[in-house]
Amino acid sequence: MDARATSSPVPTGPLALLTCATCAVRNSSLCSALTDEELRDLHGISRRKTLAKGQFHAFEVGAQADFVNVIGGFGKLIKSAPDGRQQIVGLLFPSDFVSNHSQSDLAASDTYMIEAASPLELCLFPRDGFEGLLSRYPELAQRLLEITLDELSIARDWMVLLGRKSAEERVASFFLHVSKRMSAQSCSSAAVFDLPLDRSDIADHIGLTLETVSRQISKLRSLGLITMEGTRRVVRMDVDGLTERAGF
């Protein structure tokens, strides 16, 4: 792995609380379910990992598995096939919480990685220690359940997108999804934002060719549904118009 990837323990004691109190996702991540005293216990088992753009974090399985909380930046959740093919199966935003935790034989053979789409900061919690906290703090377990159900809903929507939607509907849905996630992070309408993926990765994520994605984005721009500066910055969106085009 690139030497720029760093991993270090998270401070404990008063310094840990100060770090958490100033964390941008303190009130929106899994940690929001914990009191200050309980938060010290979570910090006691955690470690911080920083990735430069393009670097990877590979999930371990079994007893070595980590739970991962995204602290800052954007990531791509990637599934690798035995023959080397890869698929972007999800986008990771600040406050997202992911793992490769299933103990089934089928899941144990899966290879998942996080690739940093921008400089990415992660908080890692070892499986054994985290499961111990879940049994001690029911509020933490409840918050994890809520996050899991939200992720399940997103996954089901994405199954519909990949299985039934046209190229135009897929691209419009992608813009709406990213805008919604960006808005959730800022707690307000994301009027201006940068797409976390380039067009090649967008094509991979929504199951289209690069040429088709570029053509559909040009179409949406010509219709006045999106206004962009360059290839990544969105400066205006017609949400109602995009929603109609997305088939919702």
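The notes below deal with the structure included here.

Rules of the game
- Each chain has its residues counted from 1, running along the sequence as written.
- In keeping with the model being predicted, local features are shown solely for residues with a pLDDT of at least 70 and side-chain atom pairs are shown and tallied solely at 80 or more, while totals for entire chains, interfaces and linings include all residues.
- With hydrogens and water excluded, all non-hydrogen atoms of the structure serve as input to the side-chain values.
- Salt bridges are identified by distance alone: a Lys or Arg side-chain nitrogen within 4 Å of an Asp or Glu carboxyl oxygen.
- Numbering goes from the N terminus for both helices and strands, where a helix is a DSSP run of H or I of at least four residues and a strand is a run of E of at least two.
- Per-residue accessibility, obtained with a 1.4 Å probe over protein chains only, is compared with the maximum for each type, and a residue is labelled buried under 20%, exposed over 50%, and partly exposed between these values.
- Two strands form a pair only when DSSP identifies at least two bridges running between them.
- Side-chain rings of Phe, Tyr and Trp, where Trp is taken by its six-membered ring, are said to pair if the distance between their centres is within 6.5 Å; with planes under 30 degrees apart they count as stacked, over 60 as edge-to-face, and otherwise as tilted.
- Cation placement over rings: the criterion is NZ of Lys or CZ of Arg within 6 Å of the ring centroid and within 35° of the ring normal.
- The contact criterion used throughout is that any non-hydrogen atoms of two residues lie within 4.5 Å.
- Here a polar contact is taken to be a pair of N or O atoms separated by no more than 3.5 Å, where protein atoms must pair a possible hydrogen donor with a possible acceptor and residues adjacent in sequence count only if both atoms sit in side chains.
- What counts as an axis is a line fitted to C-alpha atoms, over the stretch in contact for a helix, and the angles between N-to-C directions run from 0 to 180 degrees.
- Only buried residues count toward a nonpolar core, which is a set of Ala, Val, Leu, Ile, Met, Phe, Trp, Tyr and Cys residues joined through side-chain atoms within 4.5 Å.

### A word on the pattern of salt bridges
Working step 1: The tally for this structure, following the rule as stated, stands at 13 salt bridges.
Working step 2: A salt bridge links R136 to D41; its shortest N-O distance comes to 3.1 Å. Here R136 is found in helix α4 (residues 127–136), whereas its partner D41 is found in helix α2 (residues 36–45), with 95 residues between them in sequence.
Working step 3: R136 gets classed as exposed once you look at its relative accessible area, which sits at 52%.
Working step 4: Note on D41: relative accessible area 28%, which makes it partly exposed.
Working step 5: The network of salt bridges with shared partners includes K76, E115 and D201.

### Considerations on the pairing of strand β4 (residues 66–72)
Working step 1: With seven of its seven residues buried, β4 lies for the most part within the structure.
Working step 2: Pairing of β4 with strand β9 (residues 120–126) involves six bridges; the strand directions are antiparallel. Bridge pairing in β9 places F67 opposite F125.

### Points about the pairing of strand β6 (residues 86–92)
The two faces of a sheet get side chains in turn, since along a regular strand they alternate between them.
Working step 1: As paired strands, strand β5 (residues 75–80) and β6 are joined by six bridges and run antiparallel to one another. What sits directly across from K76, in β6, is L91.

### Brief notes about the packing of aromatic side chains
Working step 1: For the structure on display, the rule yields seven aromatic pairs.
Working step 2: Seen from their ring centres, F67 and F97 are 5.9 Å apart, and the 20° between their planes marks the pair as stacked. Pair noted here: F67 is in strand β4 and F97 is in strand β7 (residues 97–99), with a separation of 30 residues, a long-range link. Residue F67 shares its accessibility class with F97, and that shared class is buried.
Working step 3: Ring centres of F97 and F130 lie 5.5 Å apart, and the angle between their planes is 35°; this geometry places the pair in the tilted category. With F97 in strand β7 and F130 in helix α4, this residue pair connects regions lying 33 residues apart in the sequence.
Working step 4: Between the NZ or CZ atom of K79 and the centre of the ring of Y112, over which it lies, the distance is 5.9 Å.

### Side note on the environment of G207
Working step 1: Secondary-structure assignment places G207 in the loop between α7 (199–206) and α8 (210–222).
Working step 2: Relative accessible area serves as the criterion here: at 49%, G207 is assigned to the partly exposed category.
Working step 3: Ignoring any residue separated from it by four or fewer positions in sequence, one finds G207 in contact with L162 and R170.

### Focus: the side chain of R48
Working step 1: Secondary-structure assignment places R48 in strand β2 (residues 47–51).
Working step 2: Only 2.7 Å separates the side chain of R48 from the side chain of E121, close enough to count as a polar contact.

### Observations concerning the sheet that holds strand β10 (residues 193–194)
Backbone-to-backbone hydrogen bonds join strands into a sheet, with any given pair of strands oriented parallel or antiparallel.
Working step 1: Across the sheet, three strands lie side by side as β10-β12-β11; this open sheet has antiparallel pairing. Of all the strands in the sheet, the pair left with one neighbour each is β10 and β11 (226–229).
Working step 2: Sheet analysis places β11 next to strand β12 (residues 233–237), joined by four bridges and oriented antiparallel. If you follow T227 over to β12, its bridge partner there is R236.

### A look at unusual backbone geometry
Working step 1: Here the phi dihedral of S95 falls at roughly 90°; this positive angle occurs in a residue that is not glycine.
Working step 2: Structurally, the position occupied by S95 is in the loop between β6 and β7.

### Remarks on the sheet that holds β5
Working step 1: Strand order in this open sheet of four strands is β3-β8-β5-β6, and the pairing throughout is antiparallel. Across the chains shown, the open sheet's two edge strands, defined by having one partner strand only, are β3 (56–58) and β6. Adjacent strand axes in the sheet meet at a mean angle of 30° when their direction is disregarded.
Working step 2: Where β3 meets strand β8 (residues 111–116), three bridges bridge the pair, whose relative direction is antiparallel. Residue pairing across strands places H57 opposite I114, the latter belonging to β8.

### Comments concerning the nonpolar core
Working step 1: Within the largest apolar cluster, 31 residues are counted, with the highest numbers of intra-cluster contacts made by F174, F175, L195, I206, I226 and L242.
Working step 2: Counting residues per element, the ones that place at least two in this core are β6, α5 (138–164), α6 (167–186), α7, α8, β11 and β12.
Working step 3: If one sorts the elements of this core by residue count, α6 sits on top with seven residues.
Working step 4: Those residues in contact with L195 that lie beyond four places of it in its chain are F174, F175, V178, I202, M228, T231, R232 and V234.

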